[in-house]
Amino acid sequence: MVEAMGLEEQARLLQEAGNAVKRNAFFMKKAMDEDNLREALRYSATLLGELRTPTLTPQRYYELYMQAFNELTHLQAFFREERRKGRSYADLYELVQHAGNVLPRLYLLCTVGSCYIRSKEAPAKSVLKDLVEMCKGVQHPIRGLFLRSYLCQVSRGLLPDVGSEFEGDGGSISDAIEFLLINFAEMNKLWCRMQHHASGRDRDRREQERQQLADLVGRNLTYVSQLDGLDFALYQEGVLARVMDQIVSCKDAIAQQYLMQCVIQGFPDDFHLGTLDSLLGILPDLQSGVQVHVVVSSLLDRLARFAASDKAVVDTFNQVDAFGKLTRAAAKVTESENEVPSGDVVAMHAALLSFTGAVYPDRLDLVNKVLTSAYQALEKQAPIKDAKAEKLLVQLLSTPLDNYDVVTVLELANYPSVMSLLRPAKRKEMAVKICQTILRQRTLVSSMEKVEMLLDFISPLVRDTEGLEDDDEFFEEEQNLLARLVHQLVSQDTDEHFELLRAARDRFNAGGPKRLRHTLAPLAFAALRLVRTIKEGTADSKKADGACKTVLQWIHGVAAQLAEVPAAEIALQLYLQAAHAASEVACLELIAYEFFEQAFILYEEAIPDSKAEVTALQSIVGVLHRCRVFTAESRDTLVHKATGYSAKLLKKPDQCRAVCACSHLFWQELPAEEEGDDVAEGVQPPVRDADNVMVCLKRALKIANSAQQQLAVVLKGDHTTPVMLFVEILNHYLFYFEQGNPSITTSVLQSLLELVANEMANENCQKDEALLAFYNSTRNHIAIQKDKGDELAQKFSSLQL
Amino acid sequence: MAARKRTLLKVIILGDSGVGKTSLMNQYVNKKFSSQYKATIGADFLTKEVQVEDRSVTMQIWDTAGQERFQSLGVAFYRGADCCVLVYDVNAQKTFENLETWRDEFLIQANPNDPDNFPFVVLGNKVDFEGGKNRQVVEKRAKQWCAQKGGIPYFETSAKEDINVDAAFQCIAKNALKNETEEEMYIPDTVDMNAQSAPKRRTGCC
Ligand SMILES: Nc1nc2c(ncn2[C@@H]2O[C@H](COP(=O)(O)OP(=O)(O)O)[C@@H](O)[C@H]2O)c(=O)[nH]1
Ligand SMILES: [Mg+2]
């Protein structure tokens, strides 16, 4: 028995034994050269005696065996030489049996035996039978296992396989199978016996050694599977039954686990399909230490790959009810008395699911069956806490999402129940996956039922969940997902679409302000788009107006809620967009007006700082400029307010810019040519109020001036911002000049040009690159206009640069 | 005693499972092909007599499992190899990427005298598969890799259609023979040969 010892000690022992092999091989070859058979045999026996070492671990022993093996090839050549010189193999076969020790004797016997068969002086089957029996003389596990693999190695190619030159007089394929299976059974017995030799202390080491030796036993099955004559009938009757018998009767968990793998991997798929009953049937008879789920999983994996490689075999799968059998086998594994770890149960179902996907890509009902089976197997262990099981379960739930339409998957009866097995954190992970998949596949969720169901699934994102901290680093990202998801809630029917959005809002309300900040706005924006769809798609304009009103009122409510969150800036933007839609899409003046009023209230009461004020005012002015639904009176009120705000901004430059922007409120664009006279009902003619434009621009100049004076006091005149303002104002002048605004005459423009040129002469301005660039490009613009040679160029021609 | 003229060439076939190692060997040695997939358990060899440059040699071709679970005894058989054949499946990118690992692993375990010049041959197998329309590794890419590794000979093969199999193994044999090192000769460490030569007796039984 191999005792515990260090690696170095093992290496030294191997070296010693190896040297002895070399030394004896040297003398063996010398004797061969001298044609001295007796001496050659004597030295070869001594050489082989080294294989009796009790101290080497299997891997080291294998190295020594390889060395001896190489030397034995010389011996084979020598035997053939002897035969040529007239000594019969029968003789040699007798002669080597005189070797003193059983192990060397049997190695020599196998060596001669192989030559004997090759010479066809004796039928292969008798020699093989003799040898496989004789080898029973060695019962020491490691020695016996290697001896028997030597026997197989040298007789490979000599078996009376179908089509082999040794078939016929030498025997038949059943002799070949018989030989290999006896050897297999004997080796398995030796291998299992090792376990019983171990005392408790040595158990682990012994198990490890056994694992290392496994392939020697399994190799026999490879020899069997590679027989040319092995057809399905022979396999089923002559091979599988006996191998299974051996597997069950050895009652050894390590052997059973390994050999099941060998059978599954070593024999072809179509054989497995034909013998599913036997393969799966013995699972309950295996020892309790065997990880049956691993066996089932590898069978599933293998068959899945088979189906994927060749669609034509799916028929065969159906004929043998492969799905039913495998599902039942999987269920049985989990029902067994010894509790199977949850990770393993999930792994097996994951294998079952990918099998289903590969074999039956269109059968969602089967996917549901797998989920049912998984749920039943895991129910008692819920919630799943084991890290590996959790991870696999998420994978299991993700697989169908990737392969089928998401919403259809969610409708599977048992999808939610399997999801409920997860702890909240993992449920949230699944929710994220579901959202991502919907977005990636651009799935539209288009009925009330489906929306409700989807929102159920992703509820960990929608609202607080017990046992789940959600102020983590991913919160924003998750809420953004939800925000994007809103745009997938779409129905062809506008009424229904609106209902979907309302339903989503009801759910989102439960999420509290921290979520609403992210989720309300997309709802409102989706509704704004809906307004356009309604208007464009409804022939009856009264009906359209009614429907638009309803939606706009709802948006009003959403914006008000946003303001309460509080998220005043988003709410203000929303009011403005809604105002724009009310004006330009729906042509509903009163509602548009109301939205502006709300925006102004927010502006006055809730915008937090001066910077935000500037941005908000820019938006207000921008949208108001584009709105054409207002009658003169209401328009005056709104414009008046906006210009009033401009004057009240904190910083002079901001004031100046805002006033410039306000000038455009008096100068709306003319309708595009193609629109012609065909303007929608309720749209007012564009405002073109040259006087008020001028008033604004003059005020802007005044503010710029006073800014300059103010700064001159504070900063002693080295500040260029006011000059920048002048250049900006100049650009507004140019715009109106080109637009044909009668207030901006050539002389007005010329004097401003000179003013700016004067300012620019200042040393500080010449050093300010941004300013210089802006100024120069403005001058350039003028120069280009002059050169254009059109009507406008005429106007420009009298301008002096 | 004169060193025996070497007549045995040891060749190891490596590569991921399923690339066609067993099939290539069977096609070359037995002129047979099976489309059924049967994983190889453990390692073993087939021999074939070949003529290389007027010499008759025996090639010992080792087929290996290609998956760890069926390579339990380790790779002691790498030692003394004369040539290593690296096989990948031209229709599976990953199997090509793994060639690097197979090569490194071989050099570490076999520990040849001159690793930089140890003969490898690379085979891109299954070129017949679906008329090549699912090919994932182009010939150029494979040749590039072979060139980077010091000019490894490269063949595109099909074990199924027997394309290039003989040519590849002829090249393998030639390179193995070139690698031929004098067989390590054992020289007894005492002058008194008779004293050394008496086989030691061991006690105990098997
Ligand atoms: N189409 C095609 N299939 C092949 C070829 N070589 C091997 N195969 C198939 O690929 C699978 C694996 O082959 P095998 O030789 O067992 O691979 P190994 O694991 O590397 O030994 C088997 O189903 C073979 O039939 C080939 O050249 N062309
Ligand atoms: Mg193989």
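Scoring rules and cut-offs
- Residues numbered from 1 in each chain as written.
- Chains lettered and ligands numbered in written order.
- Predicted model: local features only at pLDDT ≥ 70, side-chain atom pairs only at ≥ 80, totals over all residues.
- Heavy atoms only, no water.
- UniProt positions renumbered as here; feature names shortened; annotations may be inferred.
- Helix = DSSP H or I, 4+ residues; strand = E, 2+ residues; numbered from the N terminus.
- Buried < 20%, exposed > 50% of the residue type's maximum accessible area, 1.4 Å probe, protein only.
- Contact = heavy atoms within 4.5 Å.
- Areas by Shrake-Rupley, 256 points an atom, 1.4 Å probe, with all protein chains shown as cover.
- Rg over C-alpha atoms; globule rule 2.2 N^0.38 Å.
- Lys, Arg positive; Asp, Glu negative; His and termini not counted.
- Charge placed at Lys NZ, Arg CZ, Asp CG, Glu CD.
- Salt bridge = Lys/Arg side-chain N within 4 Å of Asp/Glu carboxyl O.
- Donors = N, O, S within 2.8 Å, 3.2 Å for Na, K, Ca; no water.
- Buried area = accessible area lost by both parts, 1.4 Å probe.
- Polar contact = N/O pair within 3.5 Å; in protein donor to acceptor, adjacent residues only side chain to side chain.
- Phe/Tyr/Trp six-rings, centres within 6.5 Å; stacked < 30°, edge-to-face > 60°.
- Axes fitted to C-alpha atoms, helices over the stretch in contact; angles between N-to-C directions.
- Parallel < 35°, antiparallel > 145°, perpendicular 65-115°, else oblique.
- Nonpolar A, V, L, I, M, F, W, Y, C, P; charged D, E, K, R; others polar.
- Near = heavy atom within 4 Å.
- Pairing = 2+ DSSP bridges.
- Arc of directions from axis to C-beta.
- Core = buried A, V, L, I, M, F, W, Y, C linked by side-chain atoms within 4.5 Å.
- Domains from an automatic or database assignment.

- Recorded under Sequence similarities (unreviewed entry), the UniProt text for chain B is reproduced unchanged: "Belongs to the small GTPase superfamily. Rab family."
- If you open the UniProt record of chain B and go to Subcellular location (unreviewed entry), you find "Endomembrane system".

- Looking at an unreviewed UniProt entry, one finds chain A named Vacuolar protein sorting-associated protein 35 and attributed to Apatococcus lobatus.
- Annotation of chain A in UniProt includes, under Function (unreviewed entry), the sentence "Plays a role in vesicular protein sorting."

### Focus: the overall build of chain B
Okay, so step 1: Within chain B one finds 6 helices and 6 strands.
Okay, so step 2: What you see in chain B, going N to C, is helices and strands ordered as β-α-β-β-β-α-α-β-α-β-α-α.
Okay, so step 3: The proportion of buried residues among the 206 residues of chain B is 50%.
Okay, so step 4: Nonlocal contacts in chain B, meaning residues at least 24 apart in sequence, comprise 72% of its contacts between residues at least 6 apart.
Okay, so step 5: Surface exposure of chain B reaches about 10,300 Å², of which carbon and sulfur atoms provide 47%.

### What about the overall build of chain A?
Okay, so step 1: Assigned secondary structure in chain A consists of 39 helices and 0 strands.
Okay, so step 2: Computed over C-alpha atoms, the radius of gyration of chain A comes to 45 Å, more than 25% over the 28 Å expected from 2.2 N^0.38 for 801 residues, which places it beyond the range of a compact globule.
Okay, so step 3: Expressed as lengths along the three principal axes of its C-alpha atoms, the size of chain A is roughly 130 × 65 × 55 Å.
Okay, so step 4: Long-range pairs, those at least 24 residues apart, make up 72% of the contacts in chain A with a sequence separation of at least 6.
Okay, so step 5: If you sum the accessible surface of chain A, you get close to 35,100 Å²; carbon and sulfur atoms cover 49% of it.
Okay, so step 6: Each charge sign in chain A was given a centre, from 86 positive and 110 negative side chains, and these centres are 6 Å apart.

### A short note on the pattern of salt bridges
Okay, so step 1: Across all of its chains, the model carries 47 salt bridges over all chains by this definition.
Okay, so step 2: Residue B:Lys149 is joined to B:Glu100 by a salt bridge in which the shortest nitrogen-to-oxygen separation is 2.8 Å. Here B:Lys149 is found in the loop between helix H4 (139-148) and strand E6 (154-156), whereas its partner B:Glu100 is found in helix H3 (residues 99-110), with 49 residues between them in sequence.
Okay, so step 3: Looking at B:Glu100, the relative accessible area reads 30%, which means it is partly exposed.
Okay, so step 4: Salt bridges sharing common partners tie together A:Glu9, A:Arg12 and A:Glu16.

### Observations concerning the coordination of the magnesium ion (ligand 2)
When four donors bind a metal tetrahedrally, each ideal donor-metal-donor angle is 109.5 degrees, and when six bind octahedrally, the ideal angles are 90 or 180 degrees.
Residues and elements named next belong to chain B.
Okay, so step 1: Protein ligation of the magnesium ion (ligand 2) involves Thr22 (OG1) and Thr40 (OG1), the donor distances falling in the range 2.0 to 2.1 Å. You can see threonine 22 sitting in helix H1 (residues 21-30) and its partner threonine 40 sitting in the loop between H1 and strand E2 (44-52), a full 18 residues away along the chain. The residues threonine 22 and threonine 40 share a single accessibility class, namely buried.

### Details of the interface of chain A and chain B
Okay, so step 1: At the interface, 52 residues of chain A touch 43 residues of chain B.
Okay, so step 2: For the pairing of chain A and chain B, the buried interface totals around 4,400 Å² over both sides, and the portion due to carbon and sulfur atoms is 54%.
Okay, so step 3: The residue B:Arg79 makes a salt bridge to A:Glu63 at a minimum N-O spacing of 2.8 Å.
Okay, so step 4: On inspection of chain A and its partner chain B, the count reaches 18 residue pairs in polar contact (both at pLDDT 80 or more).
Okay, so step 5: Breaking the side of chain A that touches chain B down by element, the ones donating at least two residues are helix H1 (7-33), helix H2 (37-49), helix H3 (58-84), helix H5 (102-119), helix H7 (141-155), helix H9 (203-225), helix H11 (253-266) and helix H12 (269-274) of chain A.

### Some details on the packing of aromatic side chains
All names here are of chain A.
Okay, so step 1: Applying the stated criterion across every chain yields a total of 42 aromatic pairs over all chains.
Okay, so step 2: Ring geometry for phenylalanine 596 versus phenylalanine 600: centroids 6.1 Å apart, planes at 45°, classification tilted. With a gap of 4 residues between them, phenylalanine 596 and phenylalanine 600 both fall in helix H30 (residues 589-605), about one helical turn apart. Taken individually, phenylalanine 596 and phenylalanine 600 each receive the classification buried, so the pair is uniform in this respect.

### Some remarks on the packing of helix H17 (residues 342-359) of chain A against helix H18 (residues 364-378) of chain A
Residue and element names in this part refer to chain A.
Okay, so step 1: It is at 10 Å that the axes of H17 and H18 come closest, and there the two elements cross at 175°. Relative to H18, the element H17 lies roughly antiparallel. In contact with Ser342, Val345, Val346, His349, Leu352, Leu353 and Thr356 of H17, H18 contributes Leu366, Val367, Val370, Ser373, Ala374, Ala377 and Leu378.
Okay, so step 2: By residue class, the composition of the contact of H17 with H18 is 10 nonpolar, 4 polar and no charged.

### Observations concerning the side chain of A:Gln153
Okay, so step 1: Mapped onto the fold, A:Gln153 is located in helix H7.
Okay, so step 2: Here B:Asp44 takes part through its side chain, which lies 2.9 Å from a polar atom of the side chain of A:Gln153.

### Quick word on the environment of B:Leu9
Residue and element names in this part refer to chain B.
Okay, so step 1: You can see leucine 9 is positioned in strand E1 (residues 8-14).
Okay, so step 2: Classification of leucine 9 by relative accessible area gives buried; the value is 1%.
Okay, so step 3: In this structure, the C-alpha to C-alpha distance between leucine 9 and aspartate 82, residues 73 residues apart in sequence, is 6.1 Å.

### Describing the site of ligand 1
Residues and elements named next belong to chain B.
Okay, so step 1: Around ligand 1 sit 21 residues, and of these Gly18, Thr22, Ser23, Asp128 and Ala159 come closest.
Okay, so step 2: Interatomic distance of 2.9 Å between a backbone N/O atom of glycine 20 and an oxygen atom of ligand 1.
Okay, so step 3: At 2.9 Å, a backbone N or O of serine 35 approaches an oxygen atom of ligand 1.
Okay, so step 4: Within the complex, the protein chains bury 92% of what would otherwise be the 580 Å² of accessible surface of ligand 1.
Okay, so step 5: A per-class count over the shell around ligand 1 returns 5 nonpolar, 10 polar and 6 charged.

### Some remarks on the pairing of E2(B)
Residue and element names in this part refer to chain B.
Okay, so step 1: As paired strands, E2 and strand E3 (residues 55-63) are joined by 9 bridges and run antiparallel to one another. Along E3, the bridge assignment pairs leucine 46 with isoleucine 61.
Okay, so step 2: Linking E2 back to E3 in an antiparallel pair, the connection comprises 2 residues, with glutamate 53 at a positive phi of about 45°.

### Thoughts on the sheet that holds strand E5 (residues 120-125) of chain B
Residue and element names in this part refer to chain B.
Okay, so step 1: Sheet architecture is open: 6 strands sit in the order E2-E3-E1-E4-E5-E6, paired in mixed fashion. Two strands in the sheet have a free side with no partner beyond their single neighbour: E2 and E6. Averaged over all pairs of adjacent strands, the angle between strand axes in this sheet comes to 25°, irrespective of strand direction.
Okay, so step 2: Bridge analysis of E1 against E3 gives 6 bridges, and the strand direction is parallel. Among the inter-strand pairings, leucine 8 is bridged to a residue of E3, identified as threonine 58.
Okay, so step 3: Sitting on the sheet, H3 touches E1, strand E4 (83-89) and E5, and the angle it makes with E4 is about 160°.

### So, H4(B)
Residue and element names in this part refer to chain B.
Okay, so step 1: All buried positions along H4 are accounted for by Ala142, Trp145 and Cys146. In an axial view of H4, the angular spread of the buried residues amounts to 100°, which keeps them on one side of the axis. For H4, the exposed residues set more than 90 degrees away from the buried face come down to Lys140, Ala147 and Gln148.
Okay, so step 2: Structurally, H4 contributes buried residues whose contacts are with E4, helix H2 (93-97), H3, E5 and E6.
Okay, so step 3: Glycine 150, located one to two residues past H4, shows a positive phi value of around 90°.

### Some details on the nonpolar core
Okay, so step 1: A:Phe79, A:Phe317, A:Tyr415, A:Ile458, A:Ile555, A:Phe596 and B:Phe106 are the most contacted members of the largest nonpolar core, which has 331 residues in total.
Okay, so step 2: Looking at which element gives the most residues to this core, the answer is helix H8 (residues 173-197) of chain A, with 13 residues.
Okay, so step 3: When residues are assigned to domains, this core turns out to be shared by domain 1 (1-122) and domain 2 (282-422) of chain A, each giving three or more.
Okay, so step 4: Those residues within four positions of A:Tyr415 in sequence are excluded, and the remaining contacts are A:Leu371, A:Leu397, A:Ser398, A:Pro400, A:Leu401, A:Val409, A:Leu410, A:Met430 and A:Phe457.
Okay, so step 5: One finds B:Val11, B:Val29, B:Val57 and B:Leu177 within the second-largest nonpolar core, a separate group that totals 29 residues.

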